[in-house]
Amino acid sequence: MPTARERLALWGRTIFRVLGQNRLSQAGVVVTTATGISMVFLWVIELLRGGHGHPYSGIILFLILPGLFVAGLLLIPAGYFLQRWRDKKAGRAVEPPPPVDFGSPKVRRVATFVVAATLLNATIVGFASYKGLEVMDSVEFCGEACHTVMAPELAAYRGSPHSRIGCVECHIGEGASWFVKSKLSGTRQVVAVALKTYSKPIPSPVHHLRPARETCEQCHWPQRFTGDRVVIKKKYAEDEKSTELTTVLVMHVGGHNAQGTVGIHGRHLDAGSRISYTAIDGRRQEIARVTWKDDTGKEVEFASTEVKATPEQLAKGETRAMDCVDCHNRPTHAFELPHRGLDREITAGSISRDLPFVKKKALELLKVKYTSQEEASKAIEAGLRAFYASEHPDVAAAKKAELDRAVKAVQSVYLRNVFPNMDLDWGYHPNNIGHEDFPGCFRCHNGNLEAKDGTTVSADCEACHQVLAMEEENPEILTQLGLK
Ligand code: HEC
Ligand code: HEC
Ligand code: HEC
Ligand code: HEC
Ligand code: HEC
């Protein structure tokens, strides 16, 4: 009877001889064993910590290490076959594969080892693939792994109503074919980042975005009747008191009701899209033609009297069935213009209107062209402090806490909207909801889209909303509605 030690040594020798008679296979055994052990060890640590490590930790643990592990496994047979090929080429006698005789203890040892190792490897690779997919679907992977490139979209996402849903919910959605498409385009993107061939800024619109029906509509029921929605917008003037100006709108969002399809949602979308349009500028801003299915099911075609497109331009243009994203193109990456960002901070109370001319001064500082976010942060702080120290020293002394908070808030407006390293400046991505900052609804509702019979796409303010107050100080309507 051999001792346990002798038996172990015998095992090791046999397996090494059969599996690793060449350098490549030996290297494979070393790589696989080393990564296998470290991987399992690190996984246990990660699980014990609850898995909230650095954004890169998931990528290393569940993508890179398993990749090495599999590569090591592949090297083992690769080495064996390479050796055989070399032997053959050099005219050396190629040893035939040993006969599989389970009576031989050597074969039994190897077979046990191979079965056990395969089971273990399959478990490791299976677990790694499962976790790897989870990692690739995480906000950290999409948003943080290539941080410079995705920083703008991630920053806007963090402050949006969708900040608790994953990037993949809108960018990939359910189903195998989009999964594969997304992995292929993801691979192209990784290469583009590595070679630095990506566009700056990342362009919009996203021409191959998955149709809203398969993403947005999985969560937002399209036929739902939303009815009217009161929207209160606050702005602040550029005067000493940064006077608050309130606009009150009743938005006719609509949907389906007893009268059929009504309002903003109902008139564009019924059971699917009722409208298709042709844009000639690549950014969906210059709309030359629109086709609408009216309530009787008849197609009405409108042509723009303003965007005069040549037949070539029309043929080259993008024709698309209107869906959610044609209006809600910034449901989550809602970049602000500087005055909107400041209005939001003042409404939230982070910038105090007790600081004289705060909106005016902050706006001036935000509109300067800076070469980096660091430079902008410094210049905004220095500029605001210098302004109060020289023009309003009493305020600077009495309202120190307010000034400190205002500095942070003004910086944050810059930091979430302007990314000089990505060439992303104010207003690069138009927002299609509304018509004040960008053409938005007025791309079509501007009175210039005319049908053959002379009717135009409606430009009636009241069709979309009731304006109950327009930039008023203390509008009475808010008191009447009990909203004040
Ligand atoms: C609520 C849905 C939604 C979520 C969640 C979402 N996106 Fe988007 N994203 C969009 C839409 C819609 C567009 C297309 C905008 C367009 O075509 O003009 C877009 C566009 C983009 C673009 C192109 C540049 C741009 O600003 O238009 C990038 C890059 C991007 N998203 C990255 C991300 C990342 C990273 C995350 C997660 C941190 C994410 N998205 C989460 C809906 C979403
Ligand atoms: C995974 C589910 C999910 C998906 C997919 C999704 N949303 Fe949302 N959406 C939400 C949730 C949750 C909210 C927040 C509701 C709230 O804050 O009351 C929301 C809010 C909104 C709002 C209202 C924001 C406001 O100001 O009240 C709009 C508009 C919107 N989503 C549009 C979209 C569009 C367009 C898409 C597709 C590009 C989309 N959503 C995809 C879950 C989703
Ligand atoms: C023609 C443009 C347009 C289209 C197309 C459109 N919306 Fe809207 N939607 C609006 C406007 C305008 C509002 C009111 C926004 C406001 O002022 O707050 C709105 C409001 C909303 C809201 C918030 C209202 C609520 O229910 O509380 C959600 C959510 C929403 N839309 C989702 C969608 C989804 C999902 C689709 C696609 C099925 C879609 N929208 C298609 C223009 C559009
Ligand atoms: C095709 C639909 C449509 C038409 C026509 C239209 N609007 Fe609007 N309007 C909107 C939408 C959508 C918004 C954005 C609401 C939001 O930001 O939540 C808006 C916003 C506004 C605002 C608030 C601007 C802000 O952001 O502070 C005012 C004021 C306004 N509209 C006035 C008018 C007037 C006056 C007319 C007529 C000349 C008009 N609108 C025509 C759809 C329309
Ligand atoms: C691609 C072109 C296009 C865009 C962009 C567009 N619409 Fe429309 N809209 C139409 C067409 C076409 C009709 C049907 C013809 C009509 O009613 O004038 C329509 C009808 C409407 C109606 C019904 C008007 C009525 O008198 O019954 C409302 C309300 C409306 N749109 C609101 C909006 C809002 C709000 C936006 C921006 C968020 C918007 N639309 C953006 C093309 C567009």
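Nothing here was measured: the structure is a model prediction, and the numbers come from that model. Each chain has its residues counted from 1, following the order in which its sequence is written. Chains and ligands are labelled sequentially in the order written, the chains with letters from A and the ligands with numbers from 1. Residues qualify for local features only when their pLDDT is at least 70, as the model is predicted, and side-chain atom pairs are given and counted only at 80 or more; totals for whole chains, interfaces and linings, by contrast, use all residues. Processing note: side-chain calculations cover all non-hydrogen atoms of the structure and skip hydrogens and water entirely.

Novice: Help me understand the pairing of strand β2 (residues 244-257) in this model?
Specialist: The two faces of a sheet get side chains in turn, since along a regular strand they alternate between them. Across the 14 residues that make up β2, a large majority, 11, are buried. Whether two strands pair comes down to DSSP finding at least two bridges between them. Numbering of helices and strands starts at the N terminus; helices are DSSP runs of H or I of at least 4 residues and strands are runs of E of at least 2. One ladder, built from 10 bridges, connects strand β1 (residues 227-236) with β2; its direction is antiparallel. Paired with Val230 across the two strands is Val250, which belongs to β2. One ladder, built from 5 bridges, connects β2 with strand β11 (residues 465-472); its direction is antiparallel. Residue pairing for β11: Val248 is matched across the bridge by Ala469. Joining the antiparallel neighbours β2 and strand β3 (residues 260-262) is a turn of 2 residues. Burial status follows relative accessibility: with a 1.4 Å probe on protein chains alone, a residue under 20% of its type maximum counts as buried, one over 50% as exposed, and anything between as partly exposed.

Novice: Would you explain the coordination of the iron atom of ligand 2 in this entry?
Specialist: Ideal values differ by geometry: the angle at a metal is 109.5 degrees with four tetrahedral donors, but 90 or 180 degrees with six octahedral donors. Coordination of the iron atom of ligand 2 by the protein comes from His162 (NE2) and His220 (NE2), over a distance range of 1.9 to 2.0 Å. Judged by relative accessible area, His220 falls into the partly exposed class, the value being 49%. A 2.8 Å cut-off from the metal defines N, O and S donors, relaxed to 3.2 Å for Na, K and Ca; water is not in the atom list, so some sites may appear incomplete.

Novice: Whenever I open this one, the environment of Glu473 confuses me. Can you help?
Specialist: Among the secondary structure elements, Glu473 is positioned in the loop between β11 and α19 (476-480). The spatial distance from the C-alpha of Glu473 to the C-alpha of Lys234 is 9.9 Å, given a sequence separation of 239 residues. Apart from residues lying up to four places away in sequence, Glu473 is in contact with Thr243, Glu244 and Leu245. We call two residues in contact when some of their heavy atoms are within 4.5 Å.

Novice: Is there a simple way to explain helix α4 (residues 105-136) in this structure?
Specialist: Residue pairs three or four apart in sequence face the same way in an α-helix, which turns once every 3.6 residues. How far a helix is expected to stretch is found by multiplying one less than its residue total by 1.5 Å. With 32 residues, α4 extends 45 Å from end C-alpha to end C-alpha; this agrees with the ideal 46 Å at 1.5 Å per step. Where α4 is concerned, the buried positions are Val107, Arg109, Val110, Asn121, Ile124, Ala128, Lys131, Gly132 and Val135.

Novice: Even after reading the chapter, I still don't get the side chain of Arg210, so can you show me in this structure?
Specialist: Within the fold, Arg210 resides in the loop between α8 (176-195) and α9 (216-219). Judged by its relative accessible area of 9%, Arg210 is buried. Pairing of N or O atoms within 3.5 Å defines a polar contact, subject to two protein rules: one partner must be a possible hydrogen donor and the other a possible acceptor, and residues neighboring in sequence count only if both atoms are side-chain atoms. Polar side-chain contacts of Arg210 include one of 2.6 Å to the backbone oxygen of Glu174. For Arg210, the contacting residues outside a window of four places in its chain are Ile172, Gly173, Glu174, Trp178 and Thr215.

Novice: What should I look at first to understand the sheet that holds strand β9 (residues 318-321) in this one?
Specialist: Note: strands within a sheet are paired through backbone hydrogen bonds, in either parallel or antiparallel orientation. With respect to topology, 5 strands assemble into an open sheet ordered β9-β6-β7-β8-β10, the strand pairing being antiparallel. In the strand order of this sheet, the two ends are held by β9 and β10 (449-450), each with one partner. The pairing of strand β6 (residues 275-279) with β9 spans 4 bridges and is classified as antiparallel. Looking across to β9, one finds that Ala279 is bridged to Glu318.

Novice: I would appreciate a short explanation of the site of ligand 1 in the present structure.
Specialist: Every one of the 26 residues lining ligand 1 counts as a neighbour, but Glu153, Cys167, Cys170, His171 and His333 are closest to it. In this structure, an oxygen atom belonging to ligand 1 sits 2.5 Å away from a side-chain N or O atom of Glu153. Elements that contribute at least two residues to the shell around ligand 1 include exactly α5 (139-144), α6 (147-158) and α7 (167-171). Counting residues per element, the shell around ligand 1 draws most heavily on α6, at 4 residues. Under the grouping applied here, Gly and all other residues not named as nonpolar or charged are polar, the nonpolar ones being Ala, Val, Leu, Ile, Met, Phe, Trp, Tyr, Cys and Pro and the charged ones Asp, Glu, Lys and Arg. Considered class by class, the residues forming the shell around ligand 1 number 15 nonpolar, 9 polar and 2 charged. Looking at which domains feed residues into the shell around ligand 1, each of domain 2 (140-198) and domain 3 (219-331 + 432-480) supplies at least three. Summary of the distance rule: residues count as near a molecule or strand when at least one heavy atom falls within 4 Å of that molecule or strand. Here the limits of each domain have been adopted from an automatic or database domain assignment.

Novice: Is there a simple way to think about the packing of aromatic side chains in this case?
Specialist: Given two aromatic rings, one states the distance between the centres and the angle between the planes to describe the pair. Only centres within 6.5 Å qualify two rings of Phe, Tyr or Trp (six-membered ring in Trp) as a pair; their planes then separate them into stacked at under 30 degrees, edge-to-face at over 60, and tilted for everything else. The tally for this structure, following the rule as stated, stands at 7 aromatic pairs. Taking 5.7 Å as the distance between ring centres and 25° as the angle between the ring planes, the aromatic pair formed by Trp43 and Phe62 counts as stacked. Of this pair, Trp43 sits in helix α2 (residues 23-49) while Phe62 sits in helix α3 (residues 55-89), placing them 19 residues apart in sequence. For the pair Trp43 and Phe62, one class covers both residues: buried. Look at NZ for Lys and CZ for Arg. If either is within 6 Å of the ring centre and within 35 degrees of the ring normal, a charge sits over the ring. Looking at Lys181, its charged tip hangs above the ring of Trp178, at a distance of 4.2 Å from the centre.

Novice: How should I be thinking about the domain arrangement of the protein chain in this particular structure?
Specialist: Where interface size is quoted, it is often the accessible area lost as the parts come together. Domain parsing of the protein chain yields domain 1 (4-136), domain 2 (140-198), domain 3 (219-331 + 432-480) and domain 4 (338-422). For domain 3 versus domain 4, the separation of C-alpha centres amounts to 34 Å. The interface of domain 3 with domain 4 comprises 14 residues on the first partner and 13 residues on the second. Note on definitions: buried area is the accessible-area loss of two parts on being combined, 1.4 Å probe, summed for both. When the two sides are added together, the surface that domain 3 and domain 4 hide from each other amounts to roughly 1,200 Å², 49% of it contributed by carbon and sulfur.

Novice: Help me understand the coordination of the iron atom of ligand 1, please; the structure alone is not making it clear to me.
Specialist: All of the protein donors around the iron atom of ligand 1 are His171 (NE2) and His333 (NE2); their distances to the metal are 1.9 to 2.0 Å. Residue classification places His171 among the partly exposed residues on the basis of a relative accessible area of 40%.

Novice: Please explain the side chain of Glu217 as it appears in this structure.
Specialist: Looking at the element boundaries, Glu217 is found in helix α9. Not counting the four nearest positions on each side in its chain, Glu217 is found in contact with Ala212, Pro222 and Cys324.

Novice: How should α6 be read in this particular structure?
Specialist: The terminal C-alpha atoms of α6, which comprises 12 residues, lie only 14 Å apart, well short of the 16 Å expected from a rise of 1.5 Å per residue. For α6, the set of buried residues is Val149, Pro152, Glu153, Leu154, Ala156 and Tyr157. Elements that come into contact with the buried residues of α6 comprise α5 and α8.

Novice: Sorry, what's going on with the pattern of salt bridges here?
Specialist: Two side chains with opposite charge may pair up if their charged atoms get near one another. Salt bridges are identified by distance alone: a Lys or Arg side-chain nitrogen within 4 Å of an Asp or Glu carboxyl oxygen. One pass over the structure, following the stated rule, counts 25 salt bridges. For Glu214, the salt bridge goes to Arg210, with nearest N and O atoms at 2.7 Å. Put simply, Asp323 and Arg320 hold a salt bridge, and the shortest N to O gap is 3.1 Å. For Arg320, a relative accessible area of 18% corresponds to the buried category. Through salt bridges with shared partners, a single ionic network connects Lys235, Arg340, Glu436, Asp437 and Glu471.

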